[in-house]
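# Residue-level structural notes
Residue-level listing of the chains:
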Amino acid sequence: MRVVGIVAEYNPLHNGHIYHLEQARRITGASYVVAAMSGNFVQRGEPACTDKFTRAYWALQAGVDLVLEIPSVFANASAERFCEGAVRLLAATGMVTDLAFGCEQDNLNTLYRLAEILADEPPAFKKALAYHLKQGKSFPRARYDALAELGLEPKLLAELAKPNNILAIEYLRCIKKFAPHINPVPIRRIGNDYHDENLTGELSSATAIRGAYLAGNPEVIEALPLYVSGAIQFDSQFPVTANDVGAMMLYKLRTMTADDARLLPDVSEGFEQKLLRAARESWTAETFFEAIKSKRYTLARCKRIGMSALLDISVDLQTEMQDAAHHYLRVLGLRKSARALISAIVSLARAPLIMRNADMEKCTDVARESLRVDALSTDILAYALGREMHRDSQAAVLL
């Protein structure tokens, strides 16, 4: 049996995602599709456009058979940690045979060359990287400039600068390290670029789609399936934005000491002082992030730090969760037709399968702490939206 895995955020699910799902199933001939999906907060360091249960239901309607939650400690993290958490989650099912991912460059040889360079980290590269980081550059920029300095051919450098290729390279590195039995399946992106802010009809970028629905542009519905566009048009509590949780984030930061802030992921070099000072002096999330961002601390990195504070994610918990002993498979959604897949996972999984509250008893203390963070994210979103939501102890969404 072939089972294809997909890593997703569905923030929101759009026509490009449906194309990707169709291609993944067609290319692999898989019997089932398993999605590892971010929960209530996403890798950009923001709340998702709506809660994880709604987005899991969208995924089931789009053709996914099983939706597993990427724990918040990985979902709200750098690309490297995000990809590692997702790949190891899919591998822990014991059933996923393929990993299909979107990218601008679908030539595996090119992607493997880049992955090997970054995985090997020769001494000259480490030295150049350290130099550029000391210049105050962000990690992606410093890495790019270090490789350029060492003479990496322009064609490969150009591919490294593309956002989906960066994730694709990380997936390949993680597959090689943690799941060599999984077959990588690159799928070339179609439509406009990942960061394109202009709608281009049915196949628009997620960036353009988010900008359009926040601006109230009715043309956005062309890029979305009906069950998603309906939510945008008629659900007054859609979408969730960073502003909805901004006040809570600032409150939480104002209660923290410098020692507390120092334990947040991605905080180093005395940044905690600047972080707490800006939290005391800012009254909105926008002014706060504007005050702390820099070339070294990019806006996305700053947002992830802020959300880590809000969600009680410490660097210690993030590090401990990298140990496979603490992994878990939290089911967010399941097609009834995929019950045979669940039965197989129960037999072969290398981590506890969690579909109800009682299943958490099989987890380690560290895993239960991570699950507490996941549940907290649901409470925070419910409070921000002013409505009752699913509790994480409830059964998964079924279709």
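Another aspect to go through is the side chain of Gln43. Among the structural elements, Gln43 can be located in the loop between strand E3 (41–42) and strand E4 (46–47). A residue is classified by how much of its surface remains accessible, and Gln43, at 17% relative accessible area, is buried. Excluding its chain neighbours within four sequence positions, the residues that come into contact with Gln43 are Glu9, Ala75, Ala77, Ser78, Ala79, Phe82 and Arg304.

A full pass over the atoms with the stated rule returns three aromatic pairs. Between Phe101 and Tyr171, the ring centres sit 5.6 Å apart and the planes meet at 40°, which makes this aromatic pair tilted. One end of the pair, Phe101, is in strand E6 (residues 98–103); the other, Tyr171, is in helix H9 (residues 163–178), and 70 residues separate them in sequence. The ring of Trp283 has Arg254 lying over it, and the distance from NZ or CZ to the ring centre is 4.8 Å. Directly above the aromatic system of Tyr297 lies the positively charged group of Arg301, at a separation of 3.9 Å from the ring centroid.

One can expect most non-glycine residues to show negative phi and most peptide bonds to be in trans. Note the cis peptide between Asn11 and Pro12, where omega equals -5°. Residue placement: Pro12 occurs in the loop between strand E1 (3–8) and helix H1 (15–28). Of note in the backbone geometry, Tyr10 takes a positive phi value of approximately 50° without being a glycine. Position of Tyr10 relative to the elements: it lies in the loop between E1 and H1. Of the residues examined, Tyr10 reaches a relative accessible area of 2% and is grouped as buried. Non-glycine residue Glu269 carries a positive phi angle of around 55°.

Burial in helix H15 (residues 285–292) covers these residues: Ala285, Phe288, Phe289 and Ile292. Projected down its long axis, H15 carries its buried residues within an arc of 90°, all on one side.

Most of E6 is tucked away: five of the six residues are buried. When E1 meets E6, the two strands line up parallel, connected through three bridges. Note that in E6 the partner of Ile6 across the bridge is Ala100. Strand direction decides the pairing type here: E6 and strand E7 (residues 183–188), joined by six bridges, are parallel.

Within the element layout of this structure, Arg113 appears in helix H5 (residues 108–120). The spacing of Arg113 and Ile169 is 56 residues in sequence and 9.2 Å in space, taken between C-alpha atoms. Excluding residues within four positions of it along the chain, Arg113 makes contact with Glu153 and Leu156.

Conventions we followed
Residues numbered from 1 in each chain as written. Predicted model: local features only at pLDDT ≥ 70, side-chain atom pairs only at ≥ 80, totals over all residues. Heavy atoms only, no water. Helix = DSSP H or I, 4+ residues; strand = E, 2+ residues; numbered from the N terminus. Buried < 20%, exposed > 50% of the residue type's maximum accessible area, 1.4 Å probe, protein only. Contact = heavy atoms within 4.5 Å. Phe/Tyr/Trp six-rings, centres within 6.5 Å; stacked < 30°, edge-to-face > 60°. Lys NZ or Arg CZ within 6 Å of the ring centre and 35° of its normal. Arc of directions from axis to C-beta. Pairing = 2+ DSSP bridges.

That is the geometry; function is a separate question.
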